[in-house]
Amino acid sequence: MTRSQLEHAIRAACTVSEETEVWVFGSQAILGEHPDAPEALLRSIEVDVAPRNHPERVIQIDGALGELSMFHQTHHFYVHGVPIESAILPARWQDRTYRLQNANTLSFIGWCVEGHDLAASKLAAFREKDRDFVRVLLAEGLIDADVLLERVDATNLLPELRERIVRWIRLTAAELE
């Protein structure tokens, strides 16, 4: 996905949901903070969004713009309407989002989750593809391991999972030095 495609997704999601603002919280949210993010981070053809002020309208987004929709077939990417509550995010994540609003979004706003918060959320799922994503963020210097550890600490996780994630961050950061 490109920054231009993300802007298109924001525009389309807002139009379909009759909303002016959406949360962007999947992996492609990185394009809010880093418009020229490395290609290794941009392999997904989906963007996860949720209406900011009318969360119940997530259904309209997924129905009109989701996987296998006409939108997907036409543009070769899709917009996954997902409740924001499905993401495990650190405390106060909303205060750190990046506002993506420009002519290509038709002045609609995509509030993109900040890189460290995104990485903490990805690690909460602890899937291999998510660890690979975070490894690239660390290797490219787009996030800092110490800040990521703070964000993980501010995330509501079971203690066993938190310990596993902290170990993984420390080992990965040491490997990348």
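See the structure above.
Throughout what follows, the structure given in this document is the object of discussion. (Residues numbered from 1 in each chain as written. Predicted model: local features only at pLDDT ≥ 70, side-chain atom pairs only at ≥ 80, totals over all residues. Heavy atoms only, no water.)

1. Topic: the sheet that holds strand 3 (residues 78-81)
Stage number 1. One open sheet accounts for five strands, arranged 3-2-1-5-4; its pairing is mixed. Both edges of this open sheet fall to strand 3 and strand 4 (98-100), since each of them pairs with a single strand only. Geometrically, the sheet is characterised by an average inter-axis angle of 35° between neighbouring strands, direction not taken into account.
Stage number 2. Pairing analysis gives four bridges linking strand 1 (residues 21-24) to strand 5 (residues 109-112), with the strands arranged parallel. In the sheet register, valine 22 faces strand 5, and the bridge partner there is glycine 110.
Stage number 3. Of the strands in this sheet, strand 1, strand 2 (46-51), strand 3, strand 4 and strand 5 are in contact with helix 1 (residues 3-17), which crosses strand 1 at around 130°.
Stage number 4. Seen against the sheet, helix 3 (residues 58-65) touches strand 2 and strand 3 and runs at an angle of roughly 150° to strand 3. (Pairing = 2+ DSSP bridges. Helix = DSSP H or I, 4+ residues; strand = E, 2+ residues; numbered from the N terminus. Axes fitted to C-alpha atoms, helices over the stretch in contact; angles between N-to-C directions. Contact = heavy atoms within 4.5 Å.)

2. Remarks on a negative patch on the surface
Stage number 1. A contiguous patch of negative charge, built from Asp144, Asp146, Glu150 and Asp153, is present on the exposed surface.
Stage number 2. Position of aspartate 146 among the secondary structure elements: in helix 7 (residues 145-153).
Stage number 3. What makes aspartate 146 exposed here is its relative accessible area of 53%. (Patch = residues over 30% accessible without salt bridge, like charges linked within 9 Å, V, L, I, M, F, W, Y side chains within 5 Å. Areas by Shrake-Rupley, 256 points an atom, 1.4 Å probe, with all protein chains shown as cover. Salt bridge = Lys/Arg side-chain N within 4 Å of Asp/Glu carboxyl O. Lys, Arg positive; Asp, Glu negative; His and termini not counted. Charge placed at Lys NZ, Arg CZ, Asp CG, Glu CD. Buried < 20%, exposed > 50% of the residue type's maximum accessible area, 1.4 Å probe, protein only.)

3. Topic: the state of the cysteines
Stage number 1. Within this structure, the stated rule accounts for zero disulfides.
Stage number 2. Between cysteine 14, a free cysteine, and cysteine 112, which holds the nearest cysteine sulfur, the sulfur-to-sulfur gap is 11 Å.
Stage number 3. Residue cysteine 14 is classed as buried on the basis of its relative accessible area, which comes to 1%.
Stage number 4. Classification of cysteine 112 by relative accessible area gives buried; the value is 0%. (Disulfide = S-S within 2.5 Å.)

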